[in-house]
Amino acid sequence: QVQLVESGGGLVQPGGSLQLSCAASGSFFRISVMGWYRQAPGKQRELVAAITSDGTPTYGNSVRGRFTISRDNAKNTVYLQMNSLKPEDTAVYYCHAGIWSATTGGDYWGQGTQVTVSS
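Everything in this summary refers to the structure shown in the same document. Nothing here was measured: the structure is a model prediction, and the numbers come from that model.

## Quick notes on the environment of threonine 58
With respect to the element layout, threonine 58 can be found in strand E6 (residues 57-59). For the pair threonine 58 and leucine 20, spaced 38 residues apart in sequence, the C-alpha separation works out to 17 Å.

See below:
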């Protein structure tokens with residue numbers, strides 16, 4: 001069974017930094033895109049950043065220039081380095097991955113990790 005396990009959330013002051021990690025485990029053939037979404041109270045889930053298997057990143061407009069996504073294909077892990085954090089970055093952050101077996105694929109989600117930016 002495929003699982004995505006996130007780590008690295010927490011409380012940070014405005015202007016601070018955090019790094020999130022998400023590791024995929026289980027039996028699968030390959031992982032295509034990996035990424036991060038977030039959902040704040042009363043708001044829709046939105047894309048934060050995503051990265052393809054060859055390392056091409058995509059960023060949401062609100063985080064471009066402050067956040068950096070990367071991945072280690074050997075470890076099936078995606079990272080999100082968050083710098084210059086703002087109170088409006090407060091949300092539950094969810095890891096996402098497109099994961100394929102030999103015959104089929106699907107979208108997988110982590111359980112979510114809380115990021116709170118507050119003084």
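From this point on, the discussion continues.
## So, the packing of aromatic side chains
Enumeration according to the criterion identifies one aromatic pair in this entry. Arranged with centres 5.2 Å apart and planes meeting at 65°, the rings of tyrosine 37 and tryptophan 109 form a pair that is edge-to-face. One end of the pair, tyrosine 37, is in strand E4 (residues 30-39); the other, tryptophan 109, is in strand E10 (residues 105-109), and 72 residues separate them in sequence. Lying over the aromatic face of tyrosine 94, arginine 45 brings its terminal NZ or CZ to 3.8 Å of the ring centre. Positioned over the ring face of tryptophan 109 is arginine 45, at 4.8 Å from the centre of the ring.

## Notes on the pattern of salt bridges
Tallying each qualifying case throughout the model produces three salt bridges. Of the charged contacts, one joins aspartate 89 and arginine 38 as a salt bridge, the two residues approaching to 2.9 Å between their closest N and O atoms. Of the two residues, aspartate 89 is situated in the loop between strand E8 (77-82) and strand E9 (91-100) and arginine 38 in strand E4; the sequence distance between them amounts to 51 residues. Looking at aspartate 89, the relative accessible area reads 0%, which means it is buried. Residue arginine 66 pairs with aspartate 89 through a salt bridge whose shortest N-O separation is 2.8 Å. Of this pair, arginine 66 sits in the loop between E6 and strand E7 (67-72) while aspartate 89 sits in the loop between E8 and E9, and the two are 23 residues apart along the sequence. In this structure arginine 66 comes out as buried when scored by relative accessible area, which is 12%. Via salt bridges that share partners, Arg38, Glu46, Arg66 and Asp89 belong to a single interconnected network.

Conventions we followed
- Residues numbered from 1 in each chain as written.
- Predicted model: local features only at pLDDT ≥ 70, side-chain atom pairs only at ≥ 80, totals over all residues.
- Heavy atoms only, no water.
- Helix = DSSP H or I, 4+ residues; strand = E, 2+ residues; numbered from the N terminus.
- Phe/Tyr/Trp six-rings, centres within 6.5 Å; stacked < 30°, edge-to-face > 60°.
- Lys NZ or Arg CZ within 6 Å of the ring centre and 35° of its normal.
- Salt bridge = Lys/Arg side-chain N within 4 Å of Asp/Glu carboxyl O.
- Buried < 20%, exposed > 50% of the residue type's maximum accessible area, 1.4 Å probe, protein only.

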